[in-house]
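Secondary and tertiary structure notes
This is what each chain is made of:
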Amino acid sequence: SDALRATIEQALTGGSGAIVVVGPPQSGRSTTLYSLMRAYGAQRSRSNAVALEQEPLLALEPASQVLIREPLEKLMRVAMSQLPDVLMVDEPPAE
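Just so we're clear, the structure is a prediction, and the values are computed from it rather than from any experiment.

Scoring rules and cut-offs
- Residues numbered from 1 in each chain as written.
- Predicted model: local features only at pLDDT ≥ 70, side-chain atom pairs only at ≥ 80, totals over all residues.
- Heavy atoms only, no water.
- Buried < 20%, exposed > 50% of the residue type's maximum accessible area, 1.4 Å probe, protein only.
- Helix = DSSP H or I, 4+ residues; strand = E, 2+ residues; numbered from the N terminus.
- Arc of directions from axis to C-beta.
- Contact = heavy atoms within 4.5 Å.

Quick look at helix α3 (residues 72-81)
Side chains three or four residues apart in an α-helix point the same way, a direct result of the helix having 3.6 residues per turn. Among the residues of α3, those classed as buried are Leu72, Leu75 and Ala79. Buried positions in α3, seen along its axis, are confined to an arc of 65° and lie on one side of it. Seen from the buried face of α3, the exposed residues on the opposite side, beyond 90 degrees, are Arg77 and Ser81. In this structure, the buried side of α3 is in contact with β1 (49-53), β2 (64-67) and β3 (86-90). Just past α3, the residue leucine 83 takes up positive phi, approximately 50°.

Structure (structure tokens):
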């Protein structure tokens, strides 16, 4: 809807905030996250984006894609130490 699109655009252009995408398997979560990351990157000449993923589906330029192979808490600390403009966490492992 137009209202949802406006809300998402406002979140992408705002100075801070969070976008949470949830849904069952095969519902389009990853596709939505990738689209949002690309839209965010397209609006800026430079952005520091980090994507934590179990299985990257596509190359996500210019984000640094990190495979989730260690405890998520450790990876989050490392990612946050890079002071990212955007942090994407796609399907963290069940613990």
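Let us keep going from here.
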